[in-house]
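These are the residues of each chain, in order.
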Amino acid sequence: MEPAAQPIWTPSPERARNAALTRFSHYVQERYKAPVHDYASLHRWSVEFPEHFWNAVWDFCEIRSSQNAQLTIEDGARMPGAKWFVGALLNYAENLIPVSDDSIAIIFRNEAGQRRELTRRELRSEVARVADGLKQAGVKMGDRVAGYLPNIPEAVIAMLATTSIGAIWSSCPAEFDVSAVTDRFGQIEPRVLFATDSLPSVAAMCKQISSIERVVLVPYLNTDAKADQVPHGVLFSEFGRPDQPLTFTQLPFEQPAFIVYSSGKTGAPKCIVHSAGGALIQQKKENMLHSDLGAEDRYLHVTTCGSAMWNTLASGLATGATIVLFDGTPSQSDPKILWRMAAEERVTIFGTDPEFLTTCEQLGLRPREEFDLSALRTVLLTGAPPGPTHYRYVYRDVHPDIHLASLSDSTDLMTCLGTGCPTLPVYEGEMQALGLGMKVQVFDAAGKALIGQQGELVCSQPFPSLPEGFWGDAPTDALVTTYFSRYPNVWWHGELATITPRGGLIVHDRPESPGRN
């Protein structure tokens, strides 16, 4: 696909001036005398001076820690092998729910018409109770806690409770069958399983995964579900003691916090381990700088608990935003439900995939004529690369003045190589920018960098969210084989891409990407 000649949208001077990214640019100019005058120069500075850049992200995005780092990067020329924020102590959950007040933290809706709200005060109270339940169950730092859940508030609560005590969270979507779940959870041996009321499936999992000592049952579709209907069962509402103080175990930056999974299409799913600090700093960067997410926003992303975008959505709490959870399959039922929900909840940032937009266009939906989408200012597209028709549909039928950002979201990296930029024009079929702090390049077979030509998508410099490894594998051995064998000391992403002369990214489909199999 050839790059578009003219932009389909350009931010107004006021919008660009008010973006957090613009404030960040001024911040690094003042603090480091960085020669930054546009996005290209900011990105160049971010990869030429990674220590300064990541320190600036830490401070500008107000990452909370009980102990500051003694060293930002150690062994910074090694990949894998570089260490980040050495000596820092922090807690992932504390950074997502630092305050207790009556602002709305979570709005939940589903296809059946259910709607719930949780304030930050209520959310913290629930996290404290569930964390107490985990401690009472004997869960300690480094133990695995699993969620077989739809995209409901209890999933976020369980994740925050798990990470608050230093345990490792891993989740699969509720639509997975027993075999797919046991292929994943069976490798990581969780001690506690959070699950909804798919009782036969839960019982089968417990039979196959002997490590499960406790099942926390969330009645959802079947509100009459009883704890004694599953092995080791306890109801979510009865798990942990109420009115417990919320504490956050302080841990090193590299402490594992999440295990996510590759698709398993060509073999057993890879269990990819991500650190608390690496996930947090990248999510803060993506949400605040690239998506311009802030405390006044309402962020809806249609996703499941098996996607890295679910982690990104949950991490929106760290900006002070309200996150909007949706459980359902609108492409297969009623696509209007999401546009109606976006209008009624005054959603400002809406994440979906190109497939949903294709369905809407094929059905002749024109959301801007049927719903009040005046609050909406950003649409994020993840999943398969969108084509020019998706861009035209959004600007014609959804909103004429909106930031449409295509993201190369990655389970492997817990960040994006290609991403959005609220201060740059949007071109059809093209990701606007390369992620800050990520030395994204396209290589030919010999490792020569290409511009304007298709080649292998790589990242040629260390970054904080490099996976800690694969669960159960000798340290970094399989990681090196999977991602670093083609180009030594360079992350090979396994996708074909083109970096355009103006600095955008076009990703071309390739089904055999390493982390997706």
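Here's a quick rundown of the structure. Nothing here was measured: the structure is a model prediction, and the numbers come from that model.

With that settled, consider the overall build of the protein. When helices and strands are counted, the protein shows 16 helices and 27 strands. Overall, the protein is about 65 × 55 × 45 Å in size when its C-alpha atoms are taken along their principal axes. The proportion of buried residues among the 517 residues of the protein is 61%. A sequence separation of at least 24 residues applies to 69% of the contacts in the protein between residues at least 6 apart. Carbon and sulfur atoms form 48% of the exposed surface of the protein, whose accessible area is close to 19,600 Å².

Attention now goes to the sheet that holds strand 23 (residues 440-443). Taking strand neighbours across the sheet as the criterion, the four strands line up as 23-24-26-27 in an open arrangement whose pairing is antiparallel. Where the open sheet ends on each side, the last strands, each with one partner, are strand 23 and strand 27 (505-508). On average, each strand axis in the sheet is tilted by 50 degrees relative to the strand beside it, whichever way the strands run. Where strand 24 (residues 455-459) meets strand 26 (residues 491-499), four bridges bridge the pair, whose relative direction is antiparallel. Looking at the pairing, Val 458 lines up with Trp 492 of strand 26.

Turning next to the nonpolar core. Within the largest apolar cluster, 115 residues are counted, with the highest numbers of intra-cluster contacts made by Leu 123, Leu 160 and Phe 194. By residue number, the principal contributor to this core is helix 7 (residues 153-164), which donates seven residues. Each residue touching Phe 194, except ones within four places of it in the same chain, is listed here: Val 130, Leu 134, Val 145, Ala 146, Gly 147, Tyr 148, Leu 149, Ala 158, Trp 169, Val 216, Phe 236 and Phe 239. One finds Ile 107, Phe 326, Leu 365 and Leu 381 within the second-largest nonpolar core, a separate group that totals 31 residues.

On to the environment of Arg 23. Topologically, Arg 23 is positioned in helix 2 (residues 20-32). Residue Arg 23 is classed as partly exposed on the basis of its relative accessible area, which comes to 46%. Expressed as a C-alpha distance, the spacing of Arg 23 and Phe 60, which sit 37 residues apart in the sequence, is 9.2 Å. Setting aside residues no more than four positions away along its own chain, Arg 23 makes contact with Asn 18 and Phe 60.

Moving on: the pairing of strand 27. Residues Leu 505 and Val 507 line one face of strand 27 and the alternating positions Ile 506 and His 508 line the opposite face, and both faces are buried. Note: strand 26 against strand 27, four bridges, orientation antiparallel. Bridging across to strand 27, Ile 499 finds its partner in Leu 505. Connecting strand 26 to the antiparallel partner strand 27 that follows it, the hairpin turn spans five residues, and Gly 503 within it adopts a positive phi of roughly 100 degrees.

On to the packing of aromatic side chains. Enumeration according to the criterion identifies 26 aromatic pairs in this entry. Relative to Phe 60, the ring of Phe 24 has its centre 5.3 Å away and its plane inclined at 75 degrees; by these criteria the two rings are edge-to-face. Taken as a pair, Phe 24 in helix 2 and Phe 60 in helix 4 (residues 50-60) lie far apart in primary sequence, 36 residues in all. For the pair Phe 24 and Phe 60, one class covers both residues: buried. When the centroid spacing of 5.8 Å and the interplanar angle of 40 degrees are considered together, the rings of Tyr 32 and Trp 45 count as tilted. Taken as a pair, Tyr 32 in helix 2 and Trp 45 in helix 3 (residues 39-48) lie far apart in primary sequence, 13 residues in all. Following the ring pairs from residue to residue traces out a cluster consisting of Phe 24, Tyr 27, Tyr 32, Trp 45, Phe 49, Phe 53, Trp 54, Phe 60 and Trp 84. It is Arg 502 that lies over the ring of Tyr 427; its NZ or CZ is 3.5 Å from the centre.

Turning to helix 9 (residues 199-208), its buried residues are Leu 199, Ser 201, Val 202, Met 205 and Cys 206. What you see down the axis of helix 9 is that its buried residues fit within an arc of 160 degrees, all on one side. Projecting away from the buried face of helix 9 at angles above 90 degrees are the exposed residues Pro 200, Lys 207 and Gln 208. The inward-facing, buried residues of helix 9 abut strand 6 (144-149), helix 8 (178-188), strand 8 (192-196) and strand 9 (214-218).

This part is about the packing of helix 8 against helix 9. In contact at an axis separation of 10 Å, helix 8 and helix 9 are set at 35 degrees when each is read in the N-to-C sense. Crossing handedness for the pair helix 8 and helix 9: right-handed. Side by side, helix 8 and helix 9 meet where Val 178, Val 181 and Thr 182 of the first sit next to Ser 201, Ala 204, Met 205 and Gln 208 of the second. Among the residues making up the contact of helix 8 with helix 9, the classes are represented as four nonpolar, three polar and no charged.

Cut-offs and rules
- Residues numbered from 1 in each chain as written.
- Predicted model: local features only at pLDDT ≥ 70, side-chain atom pairs only at ≥ 80, totals over all residues.
- Heavy atoms only, no water.
- Helix = DSSP H or I, 4+ residues; strand = E, 2+ residues; numbered from the N terminus.
- Buried < 20%, exposed > 50% of the residue type's maximum accessible area, 1.4 Å probe, protein only.
- Contact = heavy atoms within 4.5 Å.
- Areas by Shrake-Rupley, 256 points an atom, 1.4 Å probe, with all protein chains shown as cover.
- Pairing = 2+ DSSP bridges.
- Axes fitted to C-alpha atoms, helices over the stretch in contact; angles between N-to-C directions.
- Core = buried A, V, L, I, M, F, W, Y, C linked by side-chain atoms within 4.5 Å.
- Phe/Tyr/Trp six-rings, centres within 6.5 Å; stacked < 30°, edge-to-face > 60°.
- Lys NZ or Arg CZ within 6 Å of the ring centre and 35° of its normal.
- Arc of directions from axis to C-beta.
- Left-handed = near helix turned anticlockwise from the far one by under 90°.
- Nonpolar A, V, L, I, M, F, W, Y, C, P; charged D, E, K, R; others polar.

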